[in-house]
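One letter stands for each residue in the lines below.
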Amino acid sequence: MDEKEQLIRLKEESGLNWKEFSAYFDIPYRTVQDWEHGKRKMPPYLLRLMEYKLKTDKMVREKEK
């Protein structure tokens, strides 16, 4: 699975739409669109950081309940 497919999977798992997703990570919407459409390639380390942030934020939210 390439970065583009992993990004789409991550977005779907987050439950956010693309605008919310880009705002959540403070990444320009156009940049996220370019990654999604394959116009630009995202750095692999960034994908790992995004996954980590989503997982840790989810764990924090669950602990607060």
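Residues numbered from 1 in each chain as written. Predicted model: local features only at pLDDT ≥ 70, side-chain atom pairs only at ≥ 80, totals over all residues. Heavy atoms only, no water.

Visitor: Before we go on, may I ask you to explain the overall build of the chain in this structure?
Guide: Along its length, the chain carries 4 helices and 0 strands. Ordered by position from the N terminus, the helices and strands of the chain form the series α-α-α-α. Principal axes of the C-alpha set define a box for the chain whose edges measure 40 × 20 × 15 Å. Here the chain holds 65 residues, and the buried ones make up 29% of them. (Helix = DSSP H or I, 4+ residues; strand = E, 2+ residues; numbered from the N terminus. Buried < 20%, exposed > 50% of the residue type's maximum accessible area, 1.4 Å probe, protein only.)

Visitor: Quick question: what am I supposed to make of the packing of helix 1 (residues 3-14) against helix 3 (residues 29-36) here?
Guide: Packed helix pairs are specified by the crossing angle of their axes together with the interaxial distance, meaning the distance between the axes. At a minimum axis distance of 9 Å, the contact between helix 1 and helix 3 shows a crossing angle of 120 degrees. One way to sum up the angle between helix 1 and helix 3 is to call them oblique. Contacts between helix 1 and helix 3 pair Lys 4, Leu 7 and Ile 8 from the former with Val 32, Trp 35 and Glu 36 from the latter. (Axes fitted to C-alpha atoms, helices over the stretch in contact; angles between N-to-C directions. Parallel < 35°, antiparallel > 145°, perpendicular 65-115°, else oblique. Contact = heavy atoms within 4.5 Å.)

Visitor: Mind showing me how you'd approach unusual backbone geometry here?
Guide: A negative phi angle is the norm for most residues apart from glycine, just as the trans form is the norm for most peptide bonds. Here Asp 26, not a glycine, exhibits a phi torsion of approximately 55 degrees, which is positive. Within the secondary structure, Asp 26 sits in the loop between helix 2 (18-24) and helix 3.

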